[in-house]
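Breakdown of the fold
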Amino acid sequence: MKSRQKALFGAIAAAITLACGTASAAWPEKSITIVVPTSAGGANDALARTIGQAMSVALKQTVIVENKAGANGSIASEFVKRAAPDGYTLMLGYIATHAMNPALQKLRYDPIADFEPVGMVGSSATLMVTSPKVAANNVKELIAQHKGSKDPLTYASAGNGTAPHFAAEMFKLSTGVEMLHVPYKGSAPAVNDTMAGQTQVMFPSLFTALPHVKSGKLKAMGVAGSKRSEMLPDVPTLAEQGVAGVDVSQWYAFFAPAKTPAPVLEQLNTVLNQILADKATAKRLVEHGAEVEAMTLPQMRSFMAAEQVKWKKVVQATKLKAD
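A few points on the structure. These numbers come from a predicted model, not from an experiment.

Calculation rules
Residues numbered from 1 in each chain as written. Predicted model: local features only at pLDDT ≥ 70, side-chain atom pairs only at ≥ 80, totals over all residues. Heavy atoms only, no water. Helix = DSSP H or I, 4+ residues; strand = E, 2+ residues; numbered from the N terminus. Buried < 20%, exposed > 50% of the residue type's maximum accessible area, 1.4 Å probe, protein only. Contact = heavy atoms within 4.5 Å. Axes fitted to C-alpha atoms, helices over the stretch in contact; angles between N-to-C directions. Left-handed = near helix turned anticlockwise from the far one by under 90°. Salt bridge = Lys/Arg side-chain N within 4 Å of Asp/Glu carboxyl O.

1. Concerning the side chain of Ser77
The residue Ser77 is located in helix α3 (residues 74–82) in this model. A residue is classified by how much of its surface remains accessible, and Ser77, at 0% relative accessible area, is buried. Sequence-distant contacts of Ser77, that is, excluding residues within four places in its chain, are made with Met91, Thr97, Tyr109 and Phe115.

See below:
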């Protein structure tokens with residue numbers, strides 16, 4: 001198996017060399033660091049390590065994954081913003097750091113002006129889950145038990161401006177169920193406390209929640225998206241259960257500091273898309289609940305511009321505020 005993987009990544013590296021020509025032949029000459037804006041154990045961390053391992057083989061350089069959790073992704077974002085624009089410091093950003101949180105509050109970084117998009121990795125559906133200690137077995141029961149209750153539900157999020165925060169607030173607005181927000185420094189500790197019953201509800205990505213749902217440590221209530229997941233076909237969408245307007249797909253992408261040279265960005269985009277085209281890598285990501293979706297650099301720039309507009313409109317419509 002290992003020999004086949006080495007042969008595969010050797011072929012990828014050869015393809016990358018041919019595709020990129022000699023414009024960036026001197027790069028990379030040293031190790032590359034991928035900065036993750038959340039703690040170890042979450043979806044971002046798993047994706048970064050999966051891609052980083054393949055990137056290391058393809059580029060024949062060490063790829064280091066460094067977790068910089070805190071401030072809802074701002075610590076990592078500001079660190080990468082200040083890094084030298086030479087292709088050796090990258091960020092595995094996601095919908096929260098580069099779309100939702102910037103739409104929600106004033107930050108010390110700009111998701112467009114301070115970064116160059118490198119490429120999309122993919123997306124994951126948002127799943128509404130509860131602690132096994134919650135008595136309700138579906139969304140209808142949950143709403144009936146808690147709507148108008150003087151004892152509100154508590155919901156965990158990976159922090160202000162993250163997808164679990166947005167999805168929960170959109171659920172509250174749609175249903176009238178009162179829920180108190182308990183923000184964490186990343187999805188992993190939020191999920192852990194939900195499993196333990198310290199918090200009762202969460203809206204993590206399918207990528208993060210799937211193993212815990214399969215093990216019975218979390219109860220899947222509904223998909224906060226337009227369609228059911230192939231990984232959990234028996235779990236209906238929230239819309240199917242009468243809850244409209246909660247559609248949050250969580251995407252993950254690589255970014256570099258602004259002014260990173262175009263040839264380096266092209267080479268990084270090529271290597272990333274070659275890795276995502278590998279069936280074994282794609283299968284590994286899909287099995288964890290992520291849907292692979294590669295993009296060219298122009299496609300990434302258009303996508304990022306559209307996301308800024310989309311989530312600013314959501315904030316305005318819902319009157320969402322940071323806790």
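2. Structural notes on the packing of helix α2 (residues 43–59) against helix α9 (residues 262–277)
Relative to each other, α2 and α9 sit at 115 degrees, their axes nearing to 10 Å. Helix-helix and strand crossings are classified by hand; for α2 and α9 the assignment is right-handed. Contacts between α2 and α9 involve Ile51, Ala54, Met55, Ala58 and Leu59 on the former and, on the latter, Gln267, Val271, Leu272, Ile275 and Leu276.

3. Comments concerning the pattern of salt bridges
Under the criterion given, the structure shown has 7 salt bridges. The partner of Asp45 in a salt bridge is Arg49, with the nearest N and O atoms 2.9 Å apart. On the criterion of helical spacing, the pair formed by Asp45 and Arg49 is a turn pair, its members being 4 residues apart in helix α2. Given the relative accessible area of 6%, Asp45 is considered buried. A relative accessible area of 39% places Arg49 in the partly exposed class. Measuring nitrogen to oxygen at the nearest pair gives 2.9 Å for the salt bridge that ties Arg228 to Glu240.

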